[in-house]
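Read off the chains here:
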Amino acid sequence: MDQKWWKEAVIYQIYPRSFQDSNGDGVGDLAGITRRLDYLKELGVDAVWISPFYKSPNDDNGYDISDYRAIMDEFGTMEDFDTLQREMHKRGIRLIVDLVVNHTSDEHPWFLESKKSRENPYRDFYIWRDPKDGKEPNNWTSFFSGSTWEYSPETGQYYLHIFSKKQPDLNWENPKVRQEVYDIMRFWIDKGADGFRLDVASMYSKREGLPDGQATGGYIGGEHYQNGPRIHEFFREMHDNVLSKYPEVMTVGETSGVTVEEAKKYAGFGRQEMNMVFQFEHTELGYTDGDKFRVHKVKLSEFKAILSKWQTQLQDVAWNSLYLTNHDQPRSVSRWGDPGKYRVESAKMLYTMLLTQQGTPYIYQGDELGMTNASFSSIDDYQDIQIRNAWQERVVEGGEDPGEMLEAIAYIGRDNARTPMQWDDTKNAGFTSSTPWLKINENYREINAKKALADPDSIFFYMQKLIRLRHEHLVAVYGDFTEYEPQNEALYIYNRSLDGQNLLVVLNFTKDAQDFSLPEDIRPVKSRLYISNYENNDELRSRRLRPYEAAAYLWTAQEGSDV
Ligand code: TEU
Ligand code: CA
């Protein structure tokens with residue numbers, strides 16, 4: 001057990017545009033975050049990851065950066081950042097910043113130069129190709145619809161963009177690009193950053209020749225740029241150049257398309273690449289032919305199989321990260337729990353799971369209140385470029401059924417988790433004094449922070465307790481993971497164990513009562529309740545679980561040991 005702060009930490013993700021507006025323009029900002037730090041301190045999180053706050057034309061809400069060393073106008077000034085990081089550190093909260101370097105904005109000075117001429121010194125900062133038979137150089141499709149190629153008449157070539165055409169991909173083959181990235185990292189470490197979340201970290205290395213992808217229902221071409229040929233070399237170089245000099249700085253890679261085998265390389269102990277990755281298998285569960293807007297129902301056993309696989313296979317070799325949602329996913333309670341009658345119970349149950357598995361847990365803003373999907377009724381209410389482009393391609397141009405598409409968006413679309421934080425029951429939920437950039441969920445009078453802080457049984461205080469317990473009991477962080485009854489379609493049952501100390505977790509994923517029987521090899525001589533979302537007695541035994549009940553117990557089989 002090699003103890004590290006980032007293994008024991010619970011991290012909170014802030015999407016700044018939607019967290020707190022401080023100047024009445026309807027957009028969240030850095031000063032707004034500073035204002036709410038005591039709230040985060042009360043929740044008890046150790047670190048905060050803030051989605052991009054750099055200068056950006058906002059084609060993709062800050063994931064398209066035009067200056068890596070300046071603050072987005074709408075979010076404030078560099079002084080606001082300095083204050084924020086100082087106030088965080090004063091409270092013992094570490095700061096993780098987002099590093100978006102698979103691509104820049106097309107308004108970044110590098111790209112403005114690059115597109116001018118084929119001889120420009122910045123030409124090789126991006127990926128340019130000649131047309132093929134007068135058309136796009138290959139068949140790859142963008143995460144935001146259409147081709148990944150955009151024609152640039154200035155020079156008669158196409159440039160590659162895996163995301164929007166305003167997000168040209170950087171050419172990581174060019175060592176100058178990599179040195180620029182390392183400089184940006186040093187800049188933010190000097191400014192007080194304690195870590196980096198590496199945006200689309202699995203996609204920097206594209207296969208030579210950029211061959212056509214296999215046509216499937218999802219995004220075409222991924223096999224040629226996800227976990228590409230030089231990716232691990234790049235991360236070792238990043239480590240040698242930057243991270244090795246700052247051993248306390250943590251890194252988490254957002255690695256879509258990562259397999260367990262690849263994760264062992266990115267986040268393997270002693271590999272000196274990054275500390276952990278976000279895997280995507282559970283979030284993409286049920287995507288029909290890889291298409292996120294056609295999600296079919298899945299069984300609990302499939303969901304459990306993925307999470308348990310990541311638990312057991314990374315154990316002792318690599319570190320895991322745990323998340324139920326983020327700014328790209330629907331709300332966790334809407335996707336995996338019950339946003340209706342059992343909203344509170346199921347939200348608590350889901351986070352009991354997240355905070356009792358091995359890996360570093362990430363709580364996304366508003367999930368501590370049990371916020372739900374946006375439930376907008378019109379396409380005009382959505383702002384997300386992925387949603388808008390998919391609508392244009394499928395409904396407007398493709399003639400697909402608008403009702404069905406709206407339903408799919410309401411279930412899986414990215415704006416579901418981007419509606420503003422619900423702070424109180426006043427107009428605009430205390431988020432802003434003017435019109436918010438994205439509509440506030442109508443349920444804010446029922447679901448808000450003010451109400452949660454006045455209710456000792458709230459999801460907020462339950463999460464606070466889960467965080468405190470995780471800090472007190474290392475078995476929850478480092479314990480080995482063993483699953484029971486993987487085929488059970490109602491209950492998720494697992495045990496964590498560390499040095500004779502055990503933590504048994506039982507989670508009811510249904511709205512019905514379910515019988516739990518104590519696994520045969522679990523014979524506690526002593527046990528006590530760790531946490532539950534219902535009133536519970538204090539010993540571990542076979543019994544009936546109520547709807548969405550979660551119960552976790554500390555136990556030992558050793559005579560004379562304490563729990
Ligand atoms: O996301 C990358 C990514 O793979 C996601 O876009 C995800 O797979 C997709 O939303 C599922 O449909 C990162 C950021 O988190 C996202 O917000 C950005 O839009 C994207 O990169 C481009 O920077
Ligand atoms: Ca503002």
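Scroll up to find the structure.
Residues numbered from 1 in each chain as written. Chains lettered and ligands numbered in written order. Predicted model: local features only at pLDDT ≥ 70, side-chain atom pairs only at ≥ 80, totals over all residues. Heavy atoms only, no water.

S.K.: I'd like to hear about the sheet that holds strand E6 (residues 128-129), residue by residue, with values.
M.R.: Sheets are built from strands that pair by backbone hydrogen bonding, the pairs being arranged parallel or antiparallel. Spatially, E6-E8-E7 is the arrangement adopted by the three strands of the open sheet, whose pairing is antiparallel. One side of each edge strand has no neighbouring strand; the edge strands of this open sheet are E6 and strand E7 (149-152). Taken together, the four bridges between E7 and strand E8 (residues 157-160) define a ladder with antiparallel strand orientation. Note that in E8 the partner of Trp149 across the bridge is Leu160. (Pairing = 2+ DSSP bridges. Helix = DSSP H or I, 4+ residues; strand = E, 2+ residues; numbered from the N terminus.)

S.K.: How would you summarise the packing of aromatic side chains if you had to cite specific residues and measurements?
M.R.: By the definition in use, this model includes 38 aromatic pairs. Ring geometry for Tyr39 and Trp423: centres 4.9 Å apart, planes at 75°, overall edge-to-face. In this pair, Tyr39 is assigned in helix H3 (residues 37-43) and Trp423 in the loop between helix H13 (402-412) and helix H14 (449-453), connecting sequence segments 384 residues apart. Ring pairs connect the aromatic residues Tyr12, Phe19, Tyr39, Trp423, Phe460 and Phe461, which therefore count as one cluster. Over the ring of Trp5 we find Arg94, and its NZ or CZ is 3.9 Å from the ring centre. The ring of Trp128 carries Arg123 above its face, with NZ or CZ at 3.8 Å from the centroid. (Phe/Tyr/Trp six-rings, centres within 6.5 Å; stacked < 30°, edge-to-face > 60°. Lys NZ or Arg CZ within 6 Å of the ring centre and 35° of its normal.)

S.K.: Describe the site of ligand 1, naming the residues involved and giving the relevant values.
M.R.: Around ligand 1, the structure places 20 residues, and the nearest of them are Asp60, His103, Asp199, His327 and Asp328. In this structure, an oxygen atom belonging to ligand 1 sits 2.8 Å away from a side-chain N or O atom of Asp199. Calculation on ligand 1 without its partners gives an accessible area of 500 Å², and the protein chains cover 99% of this total. Partitioning the shell around ligand 1 into residue classes produces seven nonpolar, five polar and eight charged. (Near = heavy atom within 4 Å. Polar contact = N/O pair within 3.5 Å; in protein donor to acceptor, adjacent residues only side chain to side chain. Areas by Shrake-Rupley, 256 points an atom, 1.4 Å probe, with all protein chains shown as cover. Nonpolar A, V, L, I, M, F, W, Y, C, P; charged D, E, K, R; others polar.)

S.K.: Quick rundown of the environment of Gly24? Include the residues and the values.
M.R.: For Gly24, the position within the fold is in the loop between strand E1 (11-14) and helix H2 (30-35). For the pair Gly24 and Ile409, spaced 385 residues apart in sequence, the C-alpha to C-alpha distance is 29 Å.

S.K.: Explain the coordination of the calcium ion (ligand 2) to me, using residue names and the numbers behind them.
M.R.: The protein atoms donating to the calcium ion (ligand 2) are Asp21 (OD), Asn23 (OD1), Asp25 (OD), Val27 (O) and Asp29 (OD), with metal-donor distances spanning 2.2 to 2.4 Å. We note that the donor set of the calcium ion (ligand 2) lies within a single chain, spaced as D-x1-N-x1-D-x1-V-x1-D. With respect to class, Val27 is no different from Asp29; both count as buried. (Donors = N, O, S within 2.8 Å, 3.2 Å for Na, K, Ca; no water. Buried < 20%, exposed > 50% of the residue type's maximum accessible area, 1.4 Å probe, protein only.)

S.K.: Describe the sheet that holds strand E5 (residues 94-99), naming the residues involved and giving the relevant values.
M.R.: The eight strands are arranged E11-E10-E9-E5-E2-E1-E15-E14 in an open sheet whose pairing can be described as parallel. Looking along the sheet, the strands with just one partner apiece sit at the ends: strand E11 (276-278) and strand E14 (321-323). Averaged over all adjacent pairs, the angle separating strand axes in this sheet is 25°, with direction ignored. One ladder, built from three bridges, connects E1 with strand E15 (residues 360-364); its direction is parallel. Opposite Gln13, over in E15, you have Tyr364 as the bridge partner. Strand contacts of helix H11 (residues 343-354): E14 and E15, with the helix running at about 150° to E15, the strand carrying the most contacts. (Axes fitted to C-alpha atoms, helices over the stretch in contact; angles between N-to-C directions. Contact = heavy atoms within 4.5 Å.)

S.K.: Tell me about the packing of H11 against helix H15 (residues 459-472), and name the residues and values.
M.R.: The geometry of H11 relative to H15 is characterised by a closest axis approach of 10 Å and an angle of 15° between their N-to-C directions. Taken together, the axis directions place H11 and H15 in an arrangement best described as roughly parallel. The interaxial crossing formed by H11 with H15 has right-handed handedness. Here Arg343, Val344, Ala347, Lys348, Tyr351, Thr352 and Leu354 of H11 come into contact with H15, specifically with Ile459, Tyr462, Met463, Leu466 and Arg470. (Parallel < 35°, antiparallel > 145°, perpendicular 65-115°, else oblique. Left-handed = near helix turned anticlockwise from the far one by under 90°.)

S.K.: Give a description of the side chain of His232 that names residues and reports values.
M.R.: Within the element layout of this structure, His232 appears in helix H7 (residues 231-241). On the accessibility criterion, His232 (11% relative accessible area) is buried. Polar side-chain contacts of His232 include one of 2.7 Å to the side chain of Glu262.

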